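Chains, contacts and geometry: an overview
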Amino acid sequence: PTTEEGAKALGLANPLPKDGFSEVKAEDFLPFVLFFLVLVAWGLLVVPASMDRSDGAKSVLFPSQVPKLQVYVPDEIKALPPEAPILKSRRLRTPMGRCSCH
């Protein structure tokens, strides 16, 4: 395939170089690596910033962008000490009507 006849016999438009192909250097594939890095940065930073979730929540990349939610806590709960249970416990009864604590 290094001559005109050999290239035409193989269906090539041009003959291959006789001395072979040159070595691949970093400058040869650097544009592809940079293009890939730009795509990754675009996918991590730009796309999530422009998309919202279907439930109406905003998609954010950094926790500092999350808005603070106002939570209503009744005064009865605020007055309780921190170690107090929030829910009142109830004893379960057996089918016979007796307390299961015995």
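As the structure is a prediction and not an experimental result, all values here were calculated from the model. (Residues numbered from 1 in each chain as written. Predicted model: local features only at pLDDT ≥ 70, side-chain atom pairs only at ≥ 80, totals over all residues. Heavy atoms only, no water.)

1. Overview of the overall build of the protein
- The secondary structure content of the protein amounts to three helices and zero strands.
- Overall, the protein shows an N-to-C arrangement of helices and strands of α-α-α.
- Here the protein holds 102 residues, and 3% of them are scored as buried.
- For the protein, the computed accessible surface area is about 10200 Å², with 64% contributed by carbon and sulfur atoms. (Helix = DSSP H or I, 4+ residues; strand = E, 2+ residues; numbered from the N terminus. Buried < 20%, exposed > 50% of the residue type's maximum accessible area, 1.4 Å probe, protein only. Areas by Shrake-Rupley, 256 points an atom, 1.4 Å probe, with all protein chains shown as cover.)

2. Digging into the confidence of the model for the protein
- For the protein, the average pLDDT comes to 78, and 75% of its residues sit at 70 or higher.
- Taking the mean pLDDT of every element in the protein, the minimum, 80, falls on helix α3 (residues 75-79) and the maximum, 88, on helix α2 (residues 26-50). (pLDDT = per-residue confidence, 0-100.)

3. Some words on the environment of E4
- For E4, the location among the structural elements is in helix α1 (residues 4-10).
- Separated by 11 residues in the primary sequence, E4 and P15 have C-alpha atoms spaced 5.7 Å apart.

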